[in-house]
Amino acid sequence: MTARIFLKLIASVLLIMVIVLTAVDFLASELTEKAYIQGLTLEMEEKMRMLGVIGEQNLLDVSPANIRALATAAGGRLTIIAPDGRVLLDSEADPARMENHGHRPEVQAALQGRMGTSLRQSPTMGINFLYVAGPVPAGAARLAVPLREVRSQVSKIRTRVMLYMALAFLPAILVAGFIARYFSTRLGAIIDYASTLATGDFKVRLKHTGGDELGTLARQLNETGAKLEKVFDELHREHVELEKVERIRKDFVINVSHELRTPLASIQGYTETLLEGAIHDDQNNVRFLHIIRQNAERLGRLTADLLTLSRIEMKSQRFQFASYYVNPLLKDCIESLEPVAAKKRITLHLAPAPDRTEAFCDSEAVHQMMSNLLDNAIKYTPEDGRITVIAESLTDFVRVSVRDTGIGIPHEDLPRLFERFYRVDKARSRELGGTGLGLAIVKHLARSQGGDVGVESVPGQGTTFWFTLPTNDLGLSEQEAL
C-alpha cells in the first residue's frame, strides 16, 4: 500500500515537473528568440552606421571583392541599393539579375533616411533572413543575416537553459521523494488502520498523529476506533446480559412450575380423596383439610414473594427513603418475630449500634429484609438456640448482621444462597414452608437502597447473614433500583 502511494506521488511530482519544463521551454524559446533578434538587430544597425561612414567615400567605387570582404566583416549579406531601388552591388548575387528593391519595407525606410528592419524569405536565396537597411550617400545599404543561424544560437541557449533547469530540479526531485515517502508512509498507515477497523478490530490505535491535516485525520480515526470499541463492548455486554436474562427466565419458569406443581398436586389429591368419601372419615378428614390449608398457605406465600421480587426487578417497587434511627428500627423487627421464636424457645437478642446511629433507607423494606432473615434463622436453629442481631456503624454505612447458632451451611453452597429458588436442603426447606425466594428478595432490597448483602457460615456452629445501609442520601430514585 505504501509503495503504491509513494509511486503515485512521485509520478505526480514528475508529471508536474515535465509540464513546468515544457511551459518554460516554450516561453523561454519565444523570449530568447525575440531577445536575440532584437540584440542582433541593434548590432546590425550599428554596422549600418559604420557603412554609412564608409559610404562617404562612395561605395560605388568598391569592387565586388571588396563588397564580399565588407559583408564578411559585417557578418552577413551586404547589398547596395540605388535611390530608385535598383540593386547596385550584392555580396552573394549578380545585381543585374536581381529585381528592384524599392518596394522592400526596410529599403523604403533607408531611402527615407532612417533605419529599417524586416523578417521574411529571400526570393533570391529561398531562405528566411533578418534584413537591416540604412541610408548611405549612394542610396541605401542593406545587411541580411539568415534566420537559421539565429535559430541555431537560440537552440543552443535553450539547451543550456533546459540543462540548468534540469540540474536545478534534481534537488527538488530528491526533496519531493523524501516528502512523498513521508506522506505515503503516514497515509498508508491511516489506510491500513481504516482497513483494520473495517475487519472489526477496534483495539488498535495509530501511534503517530502530528499536527497537520493527516494528523487530524489520524486522531479522528483513533477517536472513531475508541467509540466503536466502546459501542462494541457495550453490545457484547448487552448480548451477554440478554443471554443471562434468557437463561434466568427459563430457569425461573422451570423453578416456578416446579414449586407450584407440588402444593397444587397435594391440594388436588387430598381434595379428590375427600370428594370420594374421605370427608365422612372422622379419623382423617380434618387432617386432610389441614394439609390442604398448609399447601394453600404455601401457594399464597410463594405468590406474594414472586410479586415482591417481580416489582423490585421490574423497577416498579416504590421506596420512601428517609433517615431512621437504626436501633429502634431493628428492635421493632425483632419484637414482631419474638412470638415465633418463643415456640422453639429461641432467644432473640439485639447488639445495638451507638446511640442515635442513623440509616437512610425505606423502613418497610428493612422490616421485610429482617423478617426474612430472622424467619430463616428461626427455622434452621435448633430449640433453645440463640439469634443475635448486631448493628455496627461503619464509614458511610451501617452493617446489620443476623447471627444464629443453627446447623450452618456448607462452604460450597455459600456463593449461590442469594439465587432464586436455591436451597441447601430442598426437602427440609419445603417442609419448613420456605419458598426459596426470601434471600433473593433480601439481596434486591439491600441493593435497591444502596447497600449490599453477604453471608458467613461454619457447618455445625451457625450462620451470619448481613446487609448494609447507607447513612446519607445517595440520590437514588424512589422508583428504580440500582
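Model, not experiment: these values are computed from the prediction.

Criteria and cut-off values
- Residues numbered from 1 in each chain as written.
- Predicted model: local features only at pLDDT ≥ 70, side-chain atom pairs only at ≥ 80, totals over all residues.
- Heavy atoms only, no water.
- pLDDT = per-residue confidence, 0-100.
- Helix = DSSP H or I, 4+ residues; strand = E, 2+ residues; numbered from the N terminus.
- Buried < 20%, exposed > 50% of the residue type's maximum accessible area, 1.4 Å probe, protein only.
- Pairing = 2+ DSSP bridges.
- Axes fitted to C-alpha atoms, helices over the stretch in contact; angles between N-to-C directions.
- Contact = heavy atoms within 4.5 Å.

### A short note on the confidence of the model for the protein
Okay, step 1: Across the protein, the average pLDDT comes to 78, with 82% of residues at or above 70.
Okay, step 2: Highest mean pLDDT in the protein belongs to strand β10 (residues 397-404) (93); lowest belongs to helix α9 (residues 426-431) (50).

### Thoughts on the environment of G475
Okay, step 1: As for its placement among the helices and strands, G475 is situated in the segment after β12 (462-470).
Okay, step 2: On the accessibility criterion, G475 (62% relative accessible area) is exposed.
Okay, step 3: In the structure, G475 is positioned 25 residues away from G450 in sequence and 9.5 Å away in space, judged by C-alpha atoms.

### Focus on the sheet that holds β12
Okay, step 1: An order of β7-β9-β10-β12-β11 is seen for the five strands of this open sheet, with the pairing classed as mixed. A strand with exactly one partner marks an edge of an open sheet, and here the two such strands are β7 (347-351) and β11 (453-458). Here the average twist between neighbouring strands, direction ignored, is 15°.
Okay, step 2: Strand direction decides the pairing type here: β7 and strand β9 (residues 386-393), joined by five bridges, are parallel. Bridge pairing links L348 to I387 in β9.
Okay, step 3: In the packing of helix α7 (residues 326-342) onto the sheet, the strands contacted are β7, β9 and β10, and the crossing angle to β7 comes to about 175°.

### Considering the sheet that holds strand β5 (residues 139-146)
Okay, step 1: Taken together, five strands build an open sheet; the order of strands is β2-β1-β5-β4-β3 and the sheet is antiparallel. Only two strands of the sheet have a single partner each, and these edge strands are β2 (87-90) and β3 (116-121). Direction aside, neighbouring strands of the sheet carry axes that sit 25° apart on average.
Okay, step 2: Of the strand pairs in this sheet, strand β1 (residues 77-81) and β5 are connected by five bridges, and their pairing is antiparallel. Residue pairing for β5: I80 is matched across the bridge by A141.
Okay, step 3: Where helix α2 (residues 64-74) meets the sheet, it contacts β1, β2 and β5, and its direction lies at approximately 125° from that of β1.

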